Amino acid sequence: MMEHTGPALETLTHRLSDTPAEFLDEPRIGVAGTVHVAALVNDLLRMQGKRGPAAALERFVGTDARRDRNRLALVMIAAWLLADDWFLSAQLAQHKVLALLDGALGELAQATAAHKFVHDPDRREELARVTLARLGFRPAGETEAQAADRLSGISGMERKRLLEASRATERRAAEIREALARKAAEESADKWSRE
């Protein structure tokens, strides 16, 4: 739910387009790369008021370049976004920030190269909208319905989530129809056997 009003979307997309080169460096995976992403996440959490728990920070230590590189690169970009004054003053719940960094960003990273979220205007908007939505905010000037509609329109991840939810609902409806048909057939058979 995007119950609360957040910052203007343009502010966030502009911040993403101005991501410093240091946040676009290679994440540290084993002995390769330069940025220790777990330390970066811990710094972000400290800026928001609390250190990160060691167990949660372990998810940001790369061990497999093929699996972790893009996800960790996107976490670095999101850390830059979340270091914005608006987010720092919003007093975000740490578990929501960690869920965003570890969950939603992993889904985004599976579909799109991390640096596109800096260089491509649509991907910047997607990252800004997903970040706000996962933290319970909507862009300033938008209603919840508008924000949800625009998010589903721009985010492949959201479209996929909505499609899966729709398919699950359709499967459940089909199961209920089948169960009702079986029950009606059983009742009809019972009626005929009594007569």
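In the block above lies the structure referred to throughout.
One structure accompanies this document, and this report is about it. (Residues numbered from 1 in each chain as written. Predicted model: local features only at pLDDT ≥ 70, side-chain atom pairs only at ≥ 80, totals over all residues. Heavy atoms only, no water.)

1. Re the overall build of the protein
So, point 1. Looking only at helices and strands, the protein has 10 helices and two strands in total.
So, point 2. Seen in sequence order, the protein has helices and strands lined up from the N terminus as β-α-α-α-α-α-α-α-α-β-α-α.
So, point 3. The principal-axis extents of the C-alpha atoms in the protein amount to approximately 80 × 45 × 30 Å.
So, point 4. Within the protein, the fraction of its 195 residues that count as buried is 42%.
So, point 5. Within the protein, contacts between residues separated by at least 24 positions form 70% of all contacts whose residues are at least 6 apart in sequence. (Helix = DSSP H or I, 4+ residues; strand = E, 2+ residues; numbered from the N terminus. Buried < 20%, exposed > 50% of the residue type's maximum accessible area, 1.4 Å probe, protein only. Contact = heavy atoms within 4.5 Å.)

2. What about the environment of Lys-50?
So, point 1. Its place among the elements puts Lys-50 in the loop between helix H2 (37-47) and helix H3 (54-57).
So, point 2. Its relative accessible area of 56% is what places Lys-50 among the exposed residues.
So, point 3. Spatially, the C-alpha atom of Lys-50 lies 9.9 Å from that of Ala-93, the residues being 43 residues apart in sequence.
So, point 4. The contacts of Lys-50, once residues within four sequence positions are left out, are Leu-45 and Gln-94.

3. Digging into the packing of aromatic side chains
So, point 1. A full pass over the atoms with the stated rule returns three aromatic pairs.
So, point 2. Here the aromatic rings of Phe-23 and Trp-80 are separated by 5.4 Å at their centres, their planes lie at 50 degrees, and the arrangement is tilted. Of this pair, Phe-23 sits in the loop between helix H1 (9-17) and H2 while Trp-80 sits in helix H4 (residues 65-82), placing them 57 residues apart in sequence. Here Phe-23 matches Trp-80 in class, with each residue buried.
So, point 3. Considering the side-chain rings of Trp-86 and Phe-137, the 4.9 Å spacing of their centres and the 85 degrees angle between planes classify their relative orientation as edge-to-face. In this pair, Trp-86 is assigned in helix H5 (residues 85-89) and Phe-137 in strand S2 (residues 137-138), connecting sequence segments 51 residues apart.
So, point 4. Relative accessible area serves as the criterion here: at 11%, Phe-137 is assigned to the buried category.
So, point 5. Of the aromatic side chains, those joined through ring pairs into one cluster are Trp-86, Phe-87 and Phe-137.
So, point 6. Here the basic side chain of Arg-15 rests over the ring of Trp-80, its NZ or CZ set 3.7 Å away from the ring centre. (Phe/Tyr/Trp six-rings, centres within 6.5 Å; stacked < 30°, edge-to-face > 60°. Lys NZ or Arg CZ within 6 Å of the ring centre and 35° of its normal.)

4. Here's the deal with the environment of Val-97
So, point 1. Along the chain, the position of Val-97 falls in helix H6 (residues 94-111).
So, point 2. The class for Val-97 is buried, based on a relative accessible area of 0%.
So, point 3. Sequence separation of Val-97 and Glu-187 is 90 residues, and the distance between their C-alpha atoms is 54 Å.
So, point 4. If near-sequence neighbours (up to four positions away) are discounted, Val-97 is found in contact with Leu-44, Leu-45, Gln-48, Leu-82, Leu-92 and Leu-135.

5. Quick look at the environment of Val-75
So, point 1. Looking at the element boundaries, Val-75 is found in helix H4.
So, point 2. Counting along the chain gives 39 residues from Val-75 to Ala-114, while the straight-line C-alpha distance between them is 8.6 Å.

By themselves, these figures tell us nothing about what the structure is for.
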